[in-house]
Amino acid sequence: MHEFSVTIGIVKTVIQAAEHNNAKKIKSVKLLIGKLTHLSKDQVRFCYEVLIKDTILENSELLIQTRNPKVYCSNCRYKGKMGTKRNQKTGFHTFSLVCPKCSEQTKIIEGLECTIKGIRVEK
């Protein structure tokens, strides 16, 4: 469960930012999580609630926004949704780095992030 170690980093970063800005209490934390991180929102919330007990974050609200993957193709300049392909053996669809327009290799430009987008504090 990598959610726990990621959430530890988030909580530590938020506490450091709050201390640096002389905040007395944190009201909310806003996260942006890319779907390719495979972080479970429910698991992140659970870990967050465990980790914030007896800290400046206690009783704060965790707001999580997710971001769909997006790719860029340097060949045809396509920028948009990541393609998918169906596995013939399993029937499952998986993400593909092949450009949906020209079939060249693409680069992931969104969907791998886990970013603290905002912290609401009480001074």
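Higher on the page you've got the structure.
Rules used in this analysis
Residues numbered from 1 in each chain as written. Predicted model: local features only at pLDDT ≥ 70, side-chain atom pairs only at ≥ 80, totals over all residues. Heavy atoms only, no water. Pairing = 2+ DSSP bridges. Helix = DSSP H or I, 4+ residues; strand = E, 2+ residues; numbered from the N terminus. Axes fitted to C-alpha atoms, helices over the stretch in contact; angles between N-to-C directions. Contact = heavy atoms within 4.5 Å. Buried < 20%, exposed > 50% of the residue type's maximum accessible area, 1.4 Å probe, protein only. Disulfide = S-S within 2.5 Å.

**Q** Would you mind going over the pairing of strand 5 (residues 83-86) with me for this structure?
**A** It is a general feature of regular strands that their side chains alternate between the two faces of the sheet. Where strand 5 meets strand 6 (residues 93-96), 4 bridges bridge the pair, whose relative direction is antiparallel. Bridge pairing links R86 to H93 in strand 6. A loop of 6 residues connects strand 5 with strand 6, the two strands running antiparallel in sequence, and G91 in this loop sits at a positive phi of about 85°.

**Q** Could you clarify how one ought to interpret the sheet that holds strand 8 (residues 114-122) in this entry?
**A** The strands that make up a sheet pair up through hydrogen bonds in the backbone, lying either parallel or antiparallel. Read across the sheet, 3 strands follow the order 2-1-8 without closing on themselves; strand pairing throughout is mixed. Looking at strand neighbours, the two that pair on one side only are strand 2 (61-67) and strand 8, the edges of this open sheet. Pairwise comparison of adjacent strand axes, ignoring direction, gives a mean angle of 15° for this sheet. Examined bridge by bridge, strand 1 (residues 25-34) and strand 2 share 7 bridges and lie parallel to one another. The partner of I33 across the bridge, within strand 2, is T66. Helix 1 (residues 2-20) rests against strand 1 and strand 8 of the sheet, and its axis sits at about 40° to strand 8. Sheet strands touched by helix 2 (residues 41-51): strand 1 and strand 2. Its angle to strand 2, the strand with the most contacts, is close to 155°.

**Q** So what exactly am I meant to see when it comes to the environment of V11 here?
**A** Examined against the element boundaries, V11 turns out to sit in helix 1. Among the residues examined, V11 registers a relative accessible area of 7% and is labelled buried. Note: C-alpha distance between V11 and T55 (44 residues apart in sequence) is 9.6 Å. Each residue touching V11, except ones within four places of it in the same chain, is listed here: Y48, L51, I52 and L57.

**Q** When you look at the state of the cysteines in this model, what are you seeing that I'm missing?
**A** Covalent bonding between the sulfur atoms of two cysteines is what defines a disulfide. Taken as a whole and assessed by the stated rule, the structure comprises 0 disulfides. For the unlinked cysteine C76, the closest cysteine sulfur is that of C99, found at 3.6 Å. By relative accessible area, C76 is classed as partly exposed at 31%. For C99, a relative accessible area of 2% corresponds to the buried category.

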